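Descriptive analysis of the structure
Residues per chain are reported as follows:
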Amino acid sequence: LSAPGKKNWIETNVAPGRSAAGDEVSVCRLTLRHEDGDDRWGWGVQFHVRTHDGAVLPDSFTCLGAG
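Residues numbered from 1 in each chain as written. Predicted model: local features only at pLDDT ≥ 70, side-chain atom pairs only at ≥ 80, totals over all residues. Heavy atoms only, no water.

For the rest of this paragraph, the subject is the packing of aromatic side chains. Applying the stated rule across the entire model yields two aromatic pairs. Ring geometry for F47 and F61: centres 4.9 Å apart, planes at 15°, overall stacked. In this pair, F47 sits in strand β3 (residues 39-50) while F61 sits in strand β4 (residues 56-66), placing the two residues 14 residues apart along the sequence. Judged by its relative accessible area of 18%, F47 falls in the buried class. (Phe/Tyr/Trp six-rings, centres within 6.5 Å; stacked < 30°, edge-to-face > 60°. Helix = DSSP H or I, 4+ residues; strand = E, 2+ residues; numbered from the N terminus. Buried < 20%, exposed > 50% of the residue type's maximum accessible area, 1.4 Å probe, protein only.)

On to the environment of G37, then. Among the structural elements, G37 can be located in the loop between β2 (24-36) and β3. Sequence separation of G37 and K6 is 31 residues, and the distance between their C-alpha atoms is 8.6 Å.

Residue position: Q46 is located in strand β3. Within the local environment of Q46, its side chain forms a polar contact with the side chain of R29, the two groups lying 3.4 Å apart. For Q46, the residues in contact, after removing those within four places along its chain, are V27, C28, R29, S60, F61, T62 and L64. (Polar contact = N/O pair within 3.5 Å; in protein donor to acceptor, adjacent residues only side chain to side chain. Contact = heavy atoms within 4.5 Å.)

Next up on the list: the environment of F61. With relative accessibility at 45%, the residue F61 sits in the partly exposed group. With 33 residues separating them in the primary sequence, F61 and C28 have C-alpha atoms 9.6 Å apart.

Before going further, it helps to examine the side chain of S19. Assignment of secondary structure puts S19 in the loop between β1 (7-18) and β2. If sequence neighbours within four positions are ignored, S19 has contacts with V25, H48 and L57.

Our next topic: the pattern of salt bridges. All chains considered together, the criterion is met by three salt bridges. Across the pair R33 and E11 runs a salt bridge, and its minimum N-O distance is 3.2 Å. Of this pair, R33 sits in strand β2 while E11 sits in strand β1, and the two are 22 residues apart along the sequence. (Salt bridge = Lys/Arg side-chain N within 4 Å of Asp/Glu carboxyl O.)

Looking now at the confidence of the model for the protein chain. Scored by pLDDT, the protein chain comes out at a mean of 90, with 90% of its residues at no less than 70. When mean pLDDT is taken per element in the protein chain, β1 scores highest with 94 and β4 scores lowest with 90. (pLDDT = per-residue confidence, 0-100.)

Encoded structure:
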């Protein structure tokens, strides 16, 4: 990703939400982006952080990606 002339970046987003159990959480998304001519992609993860204690909920991880 660090080769000269390539366009690469990290996107992050945090939004309020609720876990499957109904707890207030921060819904966190992290995506690695790459663009080099026709070669474009973004792969990442989404997960929840419980609001009241800051715990990351291991069962909330979801893979995100698109070519």
